[in-house]
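So the chains spell out like this:
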Amino acid sequence: MSKDKHDKEIDGPTGVETTGHEWDGLKELNNPAPRWWLIVWLVTIVWAIGYWVVYPAWPTPGGHTKGVAGWTQYGKLKREQAEITKRQSTWLTKFHAASFEQVKADKGLYEFARAGGEVAFKENCAACHGAGGEGRKGYPNLNDDDWLFGGKVEDIYHTIKVGSRSSHPETHQAMMPAFGRDGILDAAQIDDVATYVMALPQGATAPRADAFVRGEAVYAANCVTCHGDGGIGNRELGAPRLNDAIWLYGGDKASIIQTVTSARAGVMPTWENRLDDDTRRQLAIYVHSLGGGE
Amino acid sequence: MSYFEKAAKIYPRRVRGTFRTVKWIVMIALLGLYYAAPWLRWDRGPHVPDQAIFIDLTGQRGYFFGIEIWPQEVYLLVGILILAAIGLFFATALLGRVWCGYACPQTVWTDLFVWVERFVQGDRNARKKLDDSRWTVEKLWKKGLTHLIWLVIGALTGGAWVFYFNDAPTLLSDMWHGDASWSVIGWIVALTLSTYFMAGFARENVCTYMCPYARFQSAMFDKDTLIISYQPERGEPRGKHKKGDNWDNRGHCIDCTACVVVCPMGIDIRDGLQMECISCGLCIDACNDVMKKLDLPGDLIRYDTENNQTHRLDISFRRRADRAATVVADPTAPSVRAKPRVRWVRPRTISYALILTVVGSVMLGAILTRQTTELNIIHNRAPQFVRLSDGDVRNAYSLKILNKSHEDRRYTLLVEGVVARDLSVLAAGDVPVTHLSVPANSVGEFRVRLTTSNGAPGRTDIRFVLTDPVTRRSARHDSYFVR
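Residues numbered from 1 in each chain as written. Chains lettered and ligands numbered in written order. Predicted model: local features only at pLDDT ≥ 70, side-chain atom pairs only at ≥ 80, totals over all residues. Heavy atoms only, no water.

Draft legend 1. Focus on the overall build of chain A. In terms of helices and strands, chain A carries 12 helices and 5 strands. With respect to the principal axes defined by its C-alpha atoms, chain A has extents near 120 × 55 × 40 Å. In chain A, which comprises 294 residues, the share counted as buried stands at 36%. Taking contacts inside chain A between residues at least 6 apart in sequence as the whole, the part at least 24 apart equals 52%. Counting only carbon and sulfur atoms, one obtains 59% of the accessible surface of chain A, whose full area is about 17,500 Å². (Helix = DSSP H or I, 4+ residues; strand = E, 2+ residues; numbered from the N terminus. Buried < 20%, exposed > 50% of the residue type's maximum accessible area, 1.4 Å probe, protein only. Contact = heavy atoms within 4.5 Å. Areas by Shrake-Rupley, 256 points an atom, 1.4 Å probe, with all protein chains shown as cover.)

Draft legend 2. Spatial organisation of the confidence of the model for chain B. All names here are of chain B. Residues of chain B with pLDDT of at least 70 account for 96%, and the chain-wide mean is 89. Predicted confidence for residues 327-337 stays below pLDDT 50, and this span has 12 contacts to residues more than four positions away or in other chains. Interface confidence in the predicted complex, given as ipTM, is 0.78; pTM for the same model is 0.76. (pLDDT = per-residue confidence, 0-100.)

Draft legend 3. Focus on the sheet that holds strand 4 (residues 67-69) of chain B. Residues and elements named next belong to chain B. A sheet is described by the order of its strands in space; here 3 strands give the open sequence 2-3-4, paired in antiparallel fashion. The sheet is open, and its two borders are formed by strand 2 (53-56) and strand 4, each paired with just one other strand. Pairwise comparison of adjacent strand axes, ignoring direction, gives a mean angle of 10° for this sheet. (Pairing = 2+ DSSP bridges. Axes fitted to C-alpha atoms, helices over the stretch in contact; angles between N-to-C directions.)

Draft legend 4. Expanded view of the packing of helix 3 (residues 73-97) of chain A against helix 12 (residues 277-289) of chain A. All names here are of chain A. Contact geometry for helix 3 and helix 12: axes closest at 11 Å, N-to-C directions at 80°. One way to sum up the angle between helix 3 and helix 12 is to call them roughly perpendicular. Between helix 3 and helix 12, the contacting residues are Leu 92, Phe 95 and His 96 on the first element and Asp 278, Arg 281, Gln 282 and Ile 285 on the second. Classifying every residue of the contact of helix 3 with helix 12 by side-chain character gives 3 nonpolar, 2 polar and 2 charged. (Parallel < 35°, antiparallel > 145°, perpendicular 65-115°, else oblique. Nonpolar A, V, L, I, M, F, W, Y, C, P; charged D, E, K, R; others polar.)

Draft legend 5. Representation of the pairing of strand 1 (residues 18-23) of chain A in the model. Relative to strand 2 (residues 26-29) of chain A, strand 1 of chain A is paired through 3 bridges, and the arrangement is antiparallel. Bridge pairing in strand 2 of chain A links Glu 22 of chain A to Lys 27 of chain A.

Draft legend 6. Seen up close, the UniProt feature "transmembrane region" (unreviewed entry) in chain B. Residues and elements named next belong to chain B. In the numbering used here, UniProt assigns the feature "transmembrane region" (unreviewed entry) to residues 21-40, 74-95, 144-164, 184-202 and 349-368. Annotated as 80% helix and 0% strand, the span residues 21-40 places its first and last C-alpha atoms 28 Å apart. Structurally, residues 349-368 is divided into 100% helix and 0% strand, and its ends, taken at the C-alpha atoms, are 28 Å apart. (UniProt positions renumbered as here; feature names shortened; annotations may be inferred.)

Draft legend 7. Expanded view of the packing of helix 3 of chain A against helix 5 (residues 107-124) of chain A. All names here are of chain A. Look at helix 3 against helix 5: their axes get within 10 Å of each other, and the N-to-C directions meet at 105°. With respect to their mutual orientation, helix 3 and helix 5 come out roughly perpendicular. Facing Gln 88, Trp 91, Leu 92, Lys 94 and Phe 95 of helix 3, the residues of helix 5 in contact are Gly 108, Leu 109, Phe 112 and Ala 113. Taken together, the residues that form the contact of helix 3 with helix 5 break down as 6 nonpolar, 2 polar and 1 charged.

Draft legend 8. View of the interface of chain B and chain A. With 23 residues of chain B in contact, the opposing surface of chain A contributes 32 residues. Across the contact surface, chain B and chain A share 4 residue pairs in polar contact (both at pLDDT 80 or more). Among the elements of the structure, strand 1 (4-5), helix 9 (204-210), strand 8 (386-387) and strand 13 (442-452) of chain B are those that each provide at least two residues to the side of chain B that touches chain A. Residues of the side of chain B that touches chain A, tallied by class, amount to 11 nonpolar, 5 polar and 7 charged. Of the strand pairs in this sheet, strand 3 (residues 33-34) of chain A and strand 1 of chain B are connected by 2 bridges, and their pairing is parallel. Within strand 1 of chain B, the residue paired with Ala 33 of chain A across the bridge is Phe 4 of chain B. (Polar contact = N/O pair within 3.5 Å; in protein donor to acceptor, adjacent residues only side chain to side chain.)

Draft legend 9. Expanded view of the UniProt feature "transmembrane region" (unreviewed entry) in chain A. Under the UniProt annotation, "transmembrane region" (unreviewed entry) lies at residues 36-58 of chain A. As a span, residues 36-58 of chain A carries 83% helix and 0% strand, and end to end its C-alpha atoms are 29 Å apart.

Draft legend 10. Spotlight on the pattern of salt bridges. For the structure shown, the criterion picks out 37 salt bridges over all chains. In this structure, a network of salt bridges that share partners links the residues Glu 73, Arg 370, Glu 374 and Lys 404 of chain B. (Salt bridge = Lys/Arg side-chain N within 4 Å of Asp/Glu carboxyl O.)

Draft legend 11. Local environment of the environment of Glu 236 of chain B. Along the chain, Glu 236 of chain B falls in the loop between helix 11 (232-235) and helix 12 (258-261). Along the backbone, Glu 236 of chain B and His 252 of chain B are 16 residues apart, and their C-alpha atoms lie at a distance of 6.8 Å.

Draft legend 12. Region of the structure containing the domain arrangement of chain A. Domain parsing of chain A yields domain 1 (35-71), domain 2 (101-161 + 273-289) and domain 3 (176-262). Computed from C-alpha atoms alone, the centre-to-centre distance between domain 1 of chain A and domain 3 of chain A is 76 Å. (Domains from an automatic or database assignment.)

Draft legend 13. Looking closely at the sheet that holds strand 10 (residues 409-416) of chain B. Residue and element names in this part refer to chain B. An order of 12-10-14-15 is seen for the 4 strands of this open sheet, with the pairing classed as antiparallel. Each edge of the open sheet is held by one strand with a lone partner, namely strand 12 (436-438) and strand 15 (473-482). Strand-to-strand, the axes of this sheet are offset by a mean angle of 30°, without reference to chain direction. Sheet topology note: the strand 10/strand 14 (residues 459-468) ladder contains 5 bridges and is antiparallel. In the sheet register, Leu 413 faces strand 14, and the bridge partner there is Leu 466.

Draft legend 14. Here's a closer look at the packing of aromatic side chains. Considering all chains together, one arrives at 31 aromatic pairs over all chains under this definition. An angle of 15° between the planes, with centres 6.4 Å apart, marks the rings of Trp 37 of chain A and Trp 41 of chain A as stacked. Note that Trp 37 of chain A and Trp 41 of chain A are positioned in helix 2 (residues 35-54) at a spacing of 4 residues, about one turn of the helix. Seen in terms of ring centroids, Trp 150 of chain B and Tyr 196 of chain B are 6.3 Å apart; in terms of plane orientation they differ by 65°. Their pairing is edge-to-face. Remark: Tyr 196 of chain B occurs in helix 8 (residues 182-202) and Trp 150 of chain B occurs in helix 6 (residues 137-163); sequence separation between them is 46 residues. Just as Trp 150 of chain B is buried, Tyr 196 of chain B falls in that class too. Taken together through their ring pairs, the aromatic side chains of Phe 113, Trp 150, Tyr 196, Phe 197 and Phe 201 of chain B make up a single cluster. Lys 139 of chain B extends its terminal NZ or CZ atom over the ring of Trp 135 of chain B, reaching a point 4.6 Å from the ring centre. Positioned above the aromatic ring of Tyr 480 of chain B is the side chain of Arg 459 of chain B, whose terminal nitrogen or guanidinium carbon lies 3.9 Å from the ring centre. (Phe/Tyr/Trp six-rings, centres within 6.5 Å; stacked < 30°, edge-to-face > 60°. Lys NZ or Arg CZ within 6 Å of the ring centre and 35° of its normal.)

Draft legend 15. Highlighting the side chain of Asp 192 of chain A. Along the polypeptide, Asp 192 of chain A turns up in helix 8 (residues 187-199). In this structure Asp 192 of chain A touches Ala 211, Arg 214 and Gly 215 of chain A, once residues within four positions along its chain are discounted.

Draft legend 16. Summary view of the UniProt feature "domain: Cytochrome c" (unreviewed entry) in chain A. Residues and elements named next belong to chain A. In the numbering adopted here, UniProt assigns the feature "domain: Cytochrome c" (unreviewed entry) to residues 112-201 and 210-291. Helix makes up 44% of residues 112-201 and strand makes up 0%, while its end C-alpha atoms are separated by 39 Å. End-to-end, the C-alpha atoms of residues 210-291 are 40 Å apart, and along that stretch the chain is 49% helix and 0% strand.

Right, here's the structure in full:
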């Protein structure tokens, strides 16, 4: 088809020039796009080229074009983090100088400490104690009011610092003998003492059955030194309270028998060299604020 | 063969008439509203902005006269958007694209810019001539002045915009003293340039190529929608007409193209309804003017419905057939100008009106029953509950108290549905549940723990009641207790 011919060909019904292309009798009409559209398109191309020059854009072997502005995502992150740190530093300085008492009295400072503690808790403590400090078997629930080593914010701070049975020289060092395994008590005695321990929460109202009375004697001879009279526990030694409703390893008879037989010795690491003092203090405030703090 | 086509510039000619007058009035009213609204004051008491219409982005509040909107009440915004959309559908179903023709900012500002153009450079022909002429001093100052006025209008447009988001008098004084913020300056510059570009250059292309509403409004059309229509049965066959010629065997259209040259969209309405048509009615004014000079009845172009048009075409065909049969030409036969009958009430308009009523009532109800205190409670889930040493069970809740009043308040919290052994707040210092202080216009957040001594294991539905002892009004929120 010659150029002259299709230049002049006009579609009858629409009166529009055709491009001269034809498929099975269908002819393409030439409705040109508006010129402003072309201009916008060209502008975007120019813009894109400018973008390639200024910003990192094309992959190259072993890297990518860097762009003259020197902009990187890492740089952006760094700037933003610096800004956050700067904003934090005012609070951190204030927090650093304040005692626990002062923090508790200052609403803003308290919420700041709590928020920081919550983040640190989720990063460091949640693996064992649970995301909300709810604990699980062998890992104490931090929401309740039962504390092995004390529930005051200072006590919590100390426990975080030294850990339990950790490598810290001042660590909490409670150690219960394995009464059954080491042959100190026989199975019957353990069964009796378990019956007695299970009844401890009832206090003086517990029915004095034979097993209970026998267990009471075993308890008085072997357990009372640490767990105290009536199972009141001893925080100095880290001996849990036995006359309450909270059982770290289970309160059913089988669990108690197992505990007496083989003993339990949970471990918490020292955080002294892992977290700085301010973070540990924030953690203590957060844990204290979970609801069980004394 | 051209691949890209230069857009033909449109030089709308001046026109006078009913619809032009309506357009002027609407323009003055809308622009007046736009520029004046931020300056209206509305007393809300101390420490609260007194601007009647104010979107406070930093304070996260919206003010509209007596209505105050918090971010939590953004559903009202959704309601407004629904009302606006359905309102547009409703108007379109009844009257076609009247929004486009009269009220759309693009139309209003373009109209204003064309007026400036005419004021400085003269009417259609003068403008055309000026554009075609070589650059002379006259062309330079006329063009220069036009663009300068356009930029000033653009700057005022952007200038008014920022007042809606700032306290207007304060901002004006800041601007006067040259210490407006960069964001304010940025907005003014952006809106100046966009107004200048949209109303000065893009004009009808915005409606034809950019605007989505223009496209989907045709979906609201039906055969009873008022559209601008030329009456071919009366106008055709068209042709030039000399004074004294009779009107036998020809139509009333004298092909003067008055309707074409006044059209801001650059279309010929005689080709029928077109996608570009914004229903502004200027061609009606132009044609009526011509008809008057010819002593012919007006409304050769009119707002009419498709049904009416079809109806008239039918009559016209029948009459022509009759004439052919009887061979009696009757020049005195009245042209069919039966008053257009418009079916305003039809399922489409009823349903739009119904939706408008329902959404409007819901919003009105929401605004009228708005409480100044709102209580939101989330039951803590990690852990769901805590067993205490003495066997009691404790649950913890996060409270948010929205004090939307303009006074500091002190609330008392109670719990219903469970016997509470202890209900206390965990916070810095000592905060009793009877003294939950929330300052004016703010949200108080509290962590509350609830302890009960006995009950069956499982979930109990409970309700927190927050009372303001001063006003004795309460806010409630349902929650649950797990043991």
